[in-house]
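One-letter residues, chain by chain:
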Amino acid sequence: MSVKNAQAKASLAALIEEKLGFTMVKSRDFGARSGSDNSYSAKGTMPISYSVRSEDSILKRALKRQQLNKIQRQQNIEQITAMALSVCPDVTSQGRPDPDWLEHFIDLAEDIANQNMQKLWAKILVGETVSPGTFSIKSLQTLKQMTQREASALQKCAALCGYLEKEDSYLILLGYYKKPSFFDLLRKGNKESINLSIAGLSFPNILTLMDINLIYRKEIESASLKQGQPLQFSFHSKKLTLVPKSNELVLSYYKLTQTGDELKKLVSSPINKKYKQQLEQALAEEFECQWS
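Keep in mind that this is a model prediction, so the values were computed, not measured.

## Things to note about the overall build of the protein
Of the regular secondary structure elements, the protein holds nine helices and ten strands. Burial statistics for the protein: of 292 residues in total, 37% are counted as buried. Here the analysis covers contacts within the protein between residues at least 6 apart in sequence; of these, 71% occur between residues at least 24 apart. Looking at the protein as shown, the accessible area adds up to about 17,800 Å², and 53% of this sits on carbon and sulfur atoms.

## Considering the nonpolar core
Within soluble globular proteins, side chains that are nonpolar tend to cluster in buried spots. Formed by 64 residues in total, the largest nonpolar core has its most connected members in F105, L196, L251 and Y275. Sort the elements by how many residues they give to this core and helix α4 (residues 115-130) lands first, with seven residues. If we ignore the near neighbours within four places in the chain, the residues touching F105 are I77, I80, W121, I124, L125 and L140.

## Concerning the pattern of salt bridges
Applying the stated criterion to the full structure yields five salt bridges. A salt bridge links K144 to D111, with the shortest nitrogen-to-oxygen separation between them at 3.4 Å. Pair noted here: K144 is in helix α5 (residues 137-145) and D111 is in the loop between α3 (99-109) and α4, with a separation of 33 residues, a long-range link. Taking the relative accessible area as the measure of exposure, K144 reaches 26% and is therefore partly exposed. Assessed through its relative accessible area of 35%, D111 is described here as partly exposed. A salt bridge links K276 to E280, with the nearest nitrogen and oxygen atoms 3.0 Å apart. Residue K276 and its partner E280 are both found in helix α9 (residues 273-283); the two are separated by four residues, about one turn of the helix.

## A few points about the pairing of strand β8 (residues 238-244)
Within β8, five of the seven residues are buried, which leaves it mostly tucked inside the rest of the structure. Here strand β7 (residues 231-235) runs beside β8; their pairing, made up of five bridges, is antiparallel. Of the residues in β8, the one forming a bridge with S234 is K239. As consecutive antiparallel partners, β7 and β8 are separated by two residues, and within that stretch H236 has a phi angle of approximately 55°, a positive value. Pairing of β8 with strand β10 (residues 287-291) involves five bridges; the strand directions are antiparallel. Paired with L240 across the bridge in β10 is W291.

## Here we look at the confidence of the model for the protein
With 87% of its residues at a pLDDT of at least 70, the protein reaches an overall mean of 86. Mean pLDDT values for the elements of the protein range from 75 in helix α1 (residues 3-20) up to 96 in helix α7 (residues 203-211). Taken as a whole, residues 30-37 scores under 50 in pLDDT and shows twelve contacts with residues more than four places along the chain or in a different chain.

## Some remarks on the packing of helix α2 (residues 58-87) against α3
Viewed as axis vectors pointing N to C, α2 and α3 meet at an angle of 120°, and their least axial separation amounts to 9 Å. With respect to α3, the element α2 is oriented oblique. Across the interface between the two elements, N76, I77 and I80 from α2 touch F105, I106 and A109 from α3. Residues belonging to the contact of α2 with α3 are distributed by class as follows: five nonpolar, one polar and no charged.

## Some thoughts on a nonpolar patch on the surface
Taken together, I58, L59 and L63 make up a surface patch of nonpolar side chains, about 290 Å² in accessible area. Positionally, L59 belongs in helix α2. Judged by relative accessible area, which is 56%, L59 ranks as exposed.

## As for the state of the cysteines
Throughout this description, disulfide means a covalent bond between two cysteine sulfur atoms. For the structure on display, the rule yields zero disulfides. Note on C157: no disulfide assigned, nearest cysteine sulfur contributed by C161 at a separation of 3.6 Å. Among the residues examined, C161 registers a relative accessible area of 3% and is labelled buried.

## Some details on the environment of L108
Assignment of secondary structure puts L108 in helix α3. When its relative accessible area of 15% is taken as the criterion, L108 is described as buried. Taking the C-alpha atoms as reference points, L108 and Q145, 37 residues apart in sequence, are found 9.7 Å from one another. The residues touching L108, leaving out its near neighbours within four places in the chain, are W121, L140, Q141 and K144.

## A look at the side chain of E262
Here E262 is to be found in helix α8 (residues 258-264). It turns out E262 is buried and unbridged, and the closest side chain with the opposite charge, K265, is 6.4 Å from it. Residue contacts for E262: discarding those within four places in its chain leaves T134, F135, S136 and S139.

## Remarks on α2
Structurally, the α-helix is built with 3.6 residues per turn, so residues lying three or four positions apart point the same way. With 30 residues, α2 extends 44 Å between its outermost C-alpha atoms, agreeing within 8% with the 44 Å of an ideal straight helix rising 1.5 Å per residue. Turning to α2, its buried residues number three or more, namely R61, N76, I77, I80, M83 and A84. Residues of α2 that are buried sit in contact with β2 (50-52), α3 and α4.

Thresholds applied
Residues numbered from 1 in each chain as written. Predicted model: local features only at pLDDT ≥ 70, side-chain atom pairs only at ≥ 80, totals over all residues. Heavy atoms only, no water. Helix = DSSP H or I, 4+ residues; strand = E, 2+ residues; numbered from the N terminus. Buried < 20%, exposed > 50% of the residue type's maximum accessible area, 1.4 Å probe, protein only. Contact = heavy atoms within 4.5 Å. Areas by Shrake-Rupley, 256 points an atom, 1.4 Å probe, with all protein chains shown as cover. Core = buried A, V, L, I, M, F, W, Y, C linked by side-chain atoms within 4.5 Å. Salt bridge = Lys/Arg side-chain N within 4 Å of Asp/Glu carboxyl O. Pairing = 2+ DSSP bridges. pLDDT = per-residue confidence, 0-100. Axes fitted to C-alpha atoms, helices over the stretch in contact; angles between N-to-C directions. Parallel < 35°, antiparallel > 145°, perpendicular 65-115°, else oblique. Nonpolar A, V, L, I, M, F, W, Y, C, P; charged D, E, K, R; others polar. Patch = residues over 30% accessible without salt bridge, like charges linked within 9 Å, V, L, I, M, F, W, Y side chains within 5 Å. Disulfide = S-S within 2.5 Å. Lys, Arg positive; Asp, Glu negative; His and termini not counted. Expected span 1.5 Å × (residues − 1).

Encoded structure:
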């Protein structure tokens, strides 16, 4: 057995002992059938070479595992609530969270053992305490089911999202086009697009976010913009004001769903520098870009 395999087996054994509360050892009677409740079989045929080292009955072992699970859940919810108190701002609360919402929160959050995910759940509890109704139960359920890969995609997405107050939603600008006229047909390059993958958000990332209902599946287009009519977006601590230089310009973007909007609030990321650079270059010809 290689060193790597040996280390993996030792790590696996430690994980099993942590979750079961008992050590797994090689069975002495491997290869023989046994009626003992310590014997484990695959589909009731060939015995497995490992079994639990314990004199306790299988019922007692099951009860111990349940106790360990309860202890872990209690530790999880205590860590999340402690984190929430640590980051809660000194502001006036707008009311108490709905009691049913709080029960759902505890039921879902007690299974969150990953420290990074615990921080997100702590932020949710703070947000709901400060302003009840900020996070829906649907958003809690989505976050509970998110994998690390999906959470990473959300993190990358957050660095590209601009908040448009007019629509009360976050979106990712993809570019623009100018509605064609006879004169525009003679022009070259009346459409500009931004490559999100250069800014770190790959197409598989986008599909992942669509699959978990954080981004709408289709690109959305704005209404035709009027020359000189400003449009303002908020990117974390920066604001971008776009002023069209001509009429009939149409912006294209991905829009976050309601669940996406709520979960985006958990991820406070400055605008991605490569995305900012692309955005300025793509819009420069037809828009005045003013950052503040």
